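# Structural description and commentary
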Amino acid sequence: NNMFSIRTSYDAEHVVCTVSLGVLKENYRTLFNPLLPKLKTNAIEGLSIGVVDKIFLEFEKPFWNEDWAGFSLLWTLNDSKDIRITSNAWVEDVFGFYKVDHQPNILCGWISGASARAMEKLDDDSVLQGCMLLFEKFLSQKMTWTKPIKIIRSNWYSNKHFRGSYSFRSMSTDLLRTSAKDLAQPLYDSLGKPSLLFAGEATSDHYYSTVHGAPSSGWREGKRLADFYSRYVIIRL
């Protein structure tokens, strides 16, 4: 029930924060008490997170040949100008529809950036209408296509638990002279114990923007804690 807010407190020796960079950007000023140090907030502000969404279209049966991989979209300047003044301006940034492995009746469309955020605000019927506009414009002279029977799309930006799809490096990253290492740097208490640790793909130096970057960062922080406790010698009487 949204009328009631339940807050639970836990005592812990360590906290590993694995929320996305998008969530950190939106909430770091209120999420942590005391406030994060400048080195950490600089990393959160300097690293960037983008939006890449998928639009899955399911058809009753494939209208394409088995060796057909899909199609990419290339707009002429005049066509781009025309579409930008319509309510379907977002479709210009759909850069293609492609077959999906082991799903013979499905095509996957890709869209990124501001247009992806705009697409997420629309209902399914409006998104489907926009996709059909693209099929009509780019496919009708090449092959006979059929209308989809179902649509499913991602909403990485509008989901409050993500606020983006994956991190990247931008001009701001260089201007603020920050890096994933700064975001990954743990915070220590007065006794030198790592009390607040950070993981997630955005904290990975080499594998940011990847799925394997996320678990590898978790293993990194697990090893950090294991190494910390390995310094203690337990004496049993």
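Residues numbered from 1 in each chain as written. Predicted model: local features only at pLDDT ≥ 70, side-chain atom pairs only at ≥ 80, totals over all residues. Heavy atoms only, no water.

## Comments concerning the overall build of the protein chain
The number of helices and strands found in the protein chain is eight helices and 10 strands. Scaling as 2.2 N^0.38, a compact globule of 237 residues should have a C-alpha radius of gyration of about 18 Å, whereas the protein chain reaches 23 Å, well beyond that. On the principal axes, the C-alpha backbone points of the protein chain span a range of 80 × 45 × 40 Å. Burial statistics for the protein chain: of 237 residues in total, 38% are counted as buried. The contacts in the protein chain between residues at least 6 apart in sequence include a share of 71% that link residues at least 24 apart. Of the accessible surface of the protein chain, which amounts to about 15,700 Å², a share of 54% is contributed by carbon and sulfur atoms. (Helix = DSSP H or I, 4+ residues; strand = E, 2+ residues; numbered from the N terminus. Rg over C-alpha atoms; globule rule 2.2 N^0.38 Å. Buried < 20%, exposed > 50% of the residue type's maximum accessible area, 1.4 Å probe, protein only. Contact = heavy atoms within 4.5 Å. Areas by Shrake-Rupley, 256 points an atom, 1.4 Å probe, with all protein chains shown as cover.)

## Examining the sheet that holds strand 4 (residues 70-72)
Pairing is antiparallel in the open sheet, where five strands are placed in the order 4-5-6-3-7. In the strand order of this sheet, the two ends are held by strand 4 and strand 7 (150-153), each with one partner. Adjacent strand axes in the sheet meet at a mean angle of 20 degrees, parallel and antiparallel pairs treated alike. Sheet analysis places strand 4 next to strand 5 (residues 94-100), joined by three bridges and oriented antiparallel. Its bridge partner lying in strand 5, F71 is registered against F97. (Pairing = 2+ DSSP bridges. Axes fitted to C-alpha atoms, helices over the stretch in contact; angles between N-to-C directions.)

## A look at helix 8 (residues 213-229)
With 17 residues, helix 8 extends 25 Å from end C-alpha to end C-alpha; this agrees with the ideal 24 Å at 1.5 Å per step. Along helix 8, the residues that are buried comprise G213, S217, E221, L225 and F228. In an axial view of helix 8, the angular spread of the buried residues amounts to 120 degrees, which keeps them on one side of the axis. Among the exposed residues of helix 8, those pointing more than 90 degrees away from its buried face are W219 and K223. Buried residues belonging to helix 8 abut helix 7 (180-184) and strand 10 (194-198). (Expected span 1.5 Å × (residues − 1). Arc of directions from axis to C-beta.)

## Structural notes on the sheet that holds strand 9 (residues 187-188)
Pairing within the open sheet is mixed, and its three strands lie in the order 1-10-9. Strand pairing shows two members of the sheet lacking a second neighbour, strand 1 (15-17) and strand 9, which therefore form its edges. Looking at chain direction, strand 9 and strand 10 are connected through two bridges and run antiparallel. Each residue of the ladder has a partner; that of Y188, found in strand 10, is P194. Across the sheet, helix 8 touches strand 9 and strand 10, and the angle it forms with strand 10 is around 165 degrees.

## Some remarks on unusual backbone geometry
Cis geometry marks the peptide bond from N33 to P34, where omega comes out at 5 degrees. With respect to the helices and strands, the residue P34 is situated in the loop between helix 1 (21-31) and helix 2 (38-46). At R163, a residue that is not glycine, the phi angle is positive and equals roughly 55 degrees. Among the secondary structure elements, R163 is positioned in the loop between strand 7 and strand 8 (166-168). Accessibility expressed as a relative area gives 22% for R163, which makes it partly exposed.

## A short note on the packing of aromatic side chains
What the rule picks out here adds up to 17 aromatic pairs. Residue placement shows R169 over the ring face of Y208; its charged tip is 3.6 Å from the ring centre. (Phe/Tyr/Trp six-rings, centres within 6.5 Å; stacked < 30°, edge-to-face > 60°. Lys NZ or Arg CZ within 6 Å of the ring centre and 35° of its normal.)

## A short note on the nonpolar core
Judged by nonpolar contacts, the single largest core of 28 residues is most densely connected at I55, L57, F63, W90, F97, F135 and L139. Those elements that provide at least two residues to this core are strand 3 (52-58), strand 5, strand 6 (103-112), helix 4 (113-120) and helix 5 (124-138). Per-element tally for this core: the top contributor is helix 5, with five residues. Aside from chain neighbours lying at most four places away, what touches L139 is F63, W68, F71, L134 and W145. L21, Y28, L47 and F198 belong to the second largest nonpolar core, which has 14 residues in total. (Core = buried A, V, L, I, M, F, W, Y, C linked by side-chain atoms within 4.5 Å.)

## A few points about the packing of helix 1 against helix 2
Contact pair helix 1 / helix 2: the axes reach a minimum separation of 9 Å and the direction vectors enclose 130 degrees. Taken together, the axis directions place helix 1 and helix 2 in an arrangement best described as oblique. In this structure, helix 1 meets helix 2 at a crossing whose hand is left-handed. Across the interface between the two elements, L21, L24, K25, Y28 and R29 of helix 1 pack against T41, I44 and E45 of helix 2. (Parallel < 35°, antiparallel > 145°, perpendicular 65-115°, else oblique. Left-handed = near helix turned anticlockwise from the far one by under 90°.)

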